[in-house]
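Next come the chains, spelled out residue by residue.
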Amino acid sequence: MVIGIVMILLFAAFFVVRKHIGPGILAVIAGVAVDAAFSPMLVDFFHSINFGLPDGKLKALISLVLIVGFPMILYFKSSRGGMFGILRIAEALVMAALITALLAPAISEWFAFDDLSRNILAWINSVRGIIMMSGIGLAYLDILFYRG
């Protein structure tokens, strides 16, 4: 249920706010790379200053900030507009599914998954490559169609 709620909330936010989604999607993908490269170092740093969270929860918090926090700041600061019609629905759905798939391990540190969440996550993971390529394609289209 948790995964479904997260995905619905993200979809609603992206669909209603109507900002340019291209930079946000590319920032999410960059956040994944930064998380993979620097997360262990950041976990060690926060342990050295006695942050007080266990490794799993600290790693989840760092992933949340890098994969969602910074990209959402960029998304909400982008200009109004973006895609229209069916492409608007598609890009909001792709971005919500992409973030949900990437954050599922972090979410599982804080919430227990039920059968519905595991089924949704299994489906998203089965089409994860398609979701990522669709997101990148929609991001480039959004950036190309941007009218300043």
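See the structure above.
For the structure given in this document, a descriptive report is provided here. What you see is a predicted model; the values in this text were computed from it and never measured.

1. Details of the overall build of the protein
A count of helical and extended segments in the protein gives six helices and zero strands. Mapped in sequence order, the helices and strands of the protein form the string α-α-α-α-α-α. In terms of overall dimensions, the protein has C-alpha extents of about 45 × 35 × 25 Å along its principal axes. Scored against the burial criterion, the 148 residues of the protein give a buried share of 37%.

2. Observations regarding helix H3 (residues 55–77)
Counted at 1.5 Å a residue, the expected span for H3 with its 23 residues is 33 Å, and the 32 Å between its end C-alpha atoms agrees. Along H3, the sharpest change in direction is near 35 degrees and occurs at Val65. If you check which residues of H3 are buried, you get Leu58, Ala60, Ile62, Ser63, Leu66, Ile67, Val68, Pro71, Met72 and Tyr75.

3. Thoughts on the packing of helix H4 (residues 86–110) against helix H5 (residues 115–126)
The interhelical angle for the contact between H4 and H5, taken along N-to-C directions, is 110 degrees, at an axis separation of 10 Å. By the angle between their directions, the pair H4 and H5 is classed as roughly perpendicular. Only Leu121, Ile124 and Asn125 of H5 make contact with H4, whose side of the interface consists of Ala97, Thr100, Ala101 and Ala104.

4. As for the nonpolar core
Counting residues in each nonpolar core, the largest one holds 32 residues, and the members touching the most others are Phe14, Val28, Met95, Ile99, Leu103 and Ile131. Those elements that provide at least two residues to this core are helix H1 (2–17), helix H2 (22–48), H3, H4, H5 and helix H6 (128–145). With 13 residues, H4 is the largest single contributor of residues to this core.

5. Observations regarding the pattern of salt bridges
Evaluation of the coordinates by the stated rule reveals two salt bridges. Among the ionic pairs, Lys59 bridges to Asp35, the shortest N-O distance being 3.1 Å. Of the two residues, Lys59 sits in helix H3 while Asp35 sits in helix H2, which places them 24 residues apart along the sequence. When its relative accessible area of 8% is taken as the criterion, Asp35 is described as buried. A salt bridge links Asp115 to Arg118; the nearest nitrogen and oxygen atoms lie 2.8 Å apart. Taken together, the residues span about one helical turn, with Asp115 and Arg118 both in helix H5 at a distance of three residues. With a relative accessible area of 53%, Asp115 lands in the exposed category. Of the residues examined, Arg118 reaches a relative accessible area of 44% and is grouped as partly exposed.

Cut-off values and rules
- Residues numbered from 1 in each chain as written.
- Predicted model: local features only at pLDDT ≥ 70, side-chain atom pairs only at ≥ 80, totals over all residues.
- Heavy atoms only, no water.
- Helix = DSSP H or I, 4+ residues; strand = E, 2+ residues; numbered from the N terminus.
- Buried < 20%, exposed > 50% of the residue type's maximum accessible area, 1.4 Å probe, protein only.
- Expected span 1.5 Å × (residues − 1).
- Bend = angle between axes of the 7 residues up to and from the residue.
- Axes fitted to C-alpha atoms, helices over the stretch in contact; angles between N-to-C directions.
- Parallel < 35°, antiparallel > 145°, perpendicular 65-115°, else oblique.
- Contact = heavy atoms within 4.5 Å.
- Core = buried A, V, L, I, M, F, W, Y, C linked by side-chain atoms within 4.5 Å.
- Salt bridge = Lys/Arg side-chain N within 4 Å of Asp/Glu carboxyl O.

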